[in-house]
Amino acid sequence: MQAFLIALLSMAISTASLAADTLARARETGTLRLGFRADAPPYSYRTASGDPSGYIVDICREVAAGVKKAQNIPSLKIEYVEVSSTARLEALRDGKIDILCDPTSMTMSRRAMVDFSLPTFIDGAAVLHRVNEMNRLEDLRGKKIGVLQNTTTEEVLKTTLTQLGIQAQIVPMQTHPDGVRNLSEGKIDAYFADRGILSYHLLNSRARSGMKLSDQYFTFETYALAMPLGDDKLRLLVDATLAELYRTDRVKNIYARSFGSFPPDQFINALFVINGLPK
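So, how was this worked out
- Residues numbered from 1 in each chain as written.
- Predicted model: local features only at pLDDT ≥ 70, side-chain atom pairs only at ≥ 80, totals over all residues.
- Heavy atoms only, no water.
- pLDDT = per-residue confidence, 0-100.
- Contact = heavy atoms within 4.5 Å.
- Salt bridge = Lys/Arg side-chain N within 4 Å of Asp/Glu carboxyl O.
- Helix = DSSP H or I, 4+ residues; strand = E, 2+ residues; numbered from the N terminus.
- Buried < 20%, exposed > 50% of the residue type's maximum accessible area, 1.4 Å probe, protein only.
- Pairing = 2+ DSSP bridges.
- Core = buried A, V, L, I, M, F, W, Y, C linked by side-chain atoms within 4.5 Å.

1. A closer look at the confidence of the model for the protein chain
Okay, step 1: The pLDDT averaged across the protein chain works out to 89; a share of 92% of its residues lies at or above 70.
Okay, step 2: The low-confidence segment residues 4-19, where pLDDT is below 50, has 3 contacts with residues more than four positions distant or belonging to other chains.

This is the structure we're talking about:
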């Protein structure tokens with residue numbers, strides 16, 4: 001048993017040592033590997049032309065620029081590695097990517113596998129509705145509310161309506177575009193989804209002038225960049241880059257590329273202010 005424990009401890013120390021060499025590996029290879037999702041707009045997705053895009057992907061590009069400058073790697077190359085929602089953390093743990101650039105929520109259980117940066121975004125369930133038809137959730141009593149089927153958001157909607165004593169018809173949707181289109185065509189009275197996703201689809205809808213996104217959140221999730229566990233040098237450099245983006249307000253230009261002219265709400269603004277740490 002003692003020999004087994006010693007071997008296990010040695011393996012853990014070895015793994016931590018490997019993780020701590022990310023910046024050294026970037027210097028040696030001239031490459032930084034960014035993991036991204038093809039299916040998580042507006043945060044991380046592949047465009048019609050095949051290019052990685054999204055708010056968090058753009059944040060990661062700023063981080064790569066910070067690595068390039070701090071490590072003095074003039075020709076640093078970004079290698080984009082597509083990861084799935086089910087194996088993204090394992091890809092990071094197993095050394096297939098250096099930074100995970102997608103809407104990953106910080107949780108205590110995930111901290112056992114990876115390290116997290118300063119927060120990059122706060123998201124949560126919200127309501128999209130037609131202009132002048134809703135001031136509060138209670139206004140949807142007796143109405144039709146769309147939501148993506150078989151999701152945690154659907155369960156949150158059901159729980160919220162029950163807690164408030166609101167009788168409404170829940171209409172399951174196959175995709176988010178289906179929900180937004182049904183709302184614009186008057187087939188449902190509201191659409192319930194994560195606020196960031198609703199902002200993205202509202203921005204890209206031809207009927208956006210007739211719809212409005214509520215300010216109220218019904219849940220909260222904090223996103224952050226995931227990195228190899230125990231890589232303190234990388235984490236500090238990533239956090240310093242994010243803090244400067246927030247402190248100088250440059251992050252708002254990045255935000256606008258994904259969310260348009262809609263200004264960041266009070267929670268996102270608070271995230272930027274609180275995490276704009278001094279040097």
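2. Notes on the pattern of salt bridges
Okay, step 1: Applying the stated criterion to the full structure yields 20 salt bridges.
Okay, step 2: A salt bridge links Glu-154 to Lys-158; the shortest N-O distance between them is 3.8 Å. Linking Glu-154 with Lys-158, this pair stays in helix H5 (residues 152-164), spanning 4 residues, or about one helical turn.
Okay, step 3: Accessibility expressed as a relative area gives 9% for Glu-154, which makes it buried.
Okay, step 4: Accessibility expressed as a relative area gives 36% for Lys-158, which makes it partly exposed.
Okay, step 5: Across the salt bridge formed by Arg-235 and Asp-232, the nearest N and O atoms sit 3.2 Å from each other. With a gap of 3 residues between them, Arg-235 and Asp-232 both fall in helix H8 (residues 232-247), about one helical turn apart.
Okay, step 6: Overall, the relative accessible area of 28% leaves Arg-235 in the partly exposed class.

3. Examining unusual backbone geometry
Okay, step 1: Pro-42 follows Pro-41 through a cis peptide bond whose omega is 5 degrees.
Okay, step 2: With respect to the element layout, Pro-42 can be found in the loop between strand E2 (39-40) and strand E3 (44-46).
Okay, step 3: The backbone of Asn-72 sits at a positive phi, close to 55 degrees, despite the residue not being glycine.
Okay, step 4: Even without being a glycine, Asn-132 presents a positive backbone phi close to 65 degrees.
Okay, step 5: When you line up the elements, Asn-132 lands in the loop between strand E8 (125-130) and strand E9 (144-148).
Okay, step 6: Among the residues examined, Asn-132 registers a relative accessible area of 77% and is labelled exposed.

4. Regarding the sheet that holds E3
Okay, step 1: Reading across from one edge, E2-E3-E4 is the order of the 3 strands in this open sheet, with antiparallel pairing throughout. With partners counted over all chains shown, the strands left at the sheet margins are E2 and strand E4 (52-53), one partner each.
Okay, step 2: By the bridge criterion, 2 bridges tie E2 to E3 in an arrangement that is antiparallel. Bridge pairing in E3 places Ala-40 opposite Ser-44.

5. Topic: the nonpolar core
Okay, step 1: Within the largest apolar cluster, 37 residues are counted, with the highest numbers of intra-cluster contacts made by Tyr-55, Ile-59, Ile-99, Phe-121, Leu-225, Val-238 and Leu-242.
Okay, step 2: At the level of elements, helix H2 (22-29), strand E1 (31-36), helix H3 (55-70), strand E7 (114-123), strand E13 (221-228), H8, helix H9 (251-259) and helix H10 (266-274) are the ones that each hand at least two residues to this core.
Okay, step 3: Not counting residues within four places of it along the chain, the set of residues in contact with Ile-59 comprises Thr-120, Leu-225, Leu-242, Leu-245, Val-251 and Ile-254.
Okay, step 4: By size, the runner-up hydrophobic cluster in this structure holds 14 residues, among which are Ala-126, Met-173, Tyr-191 and Leu-202.

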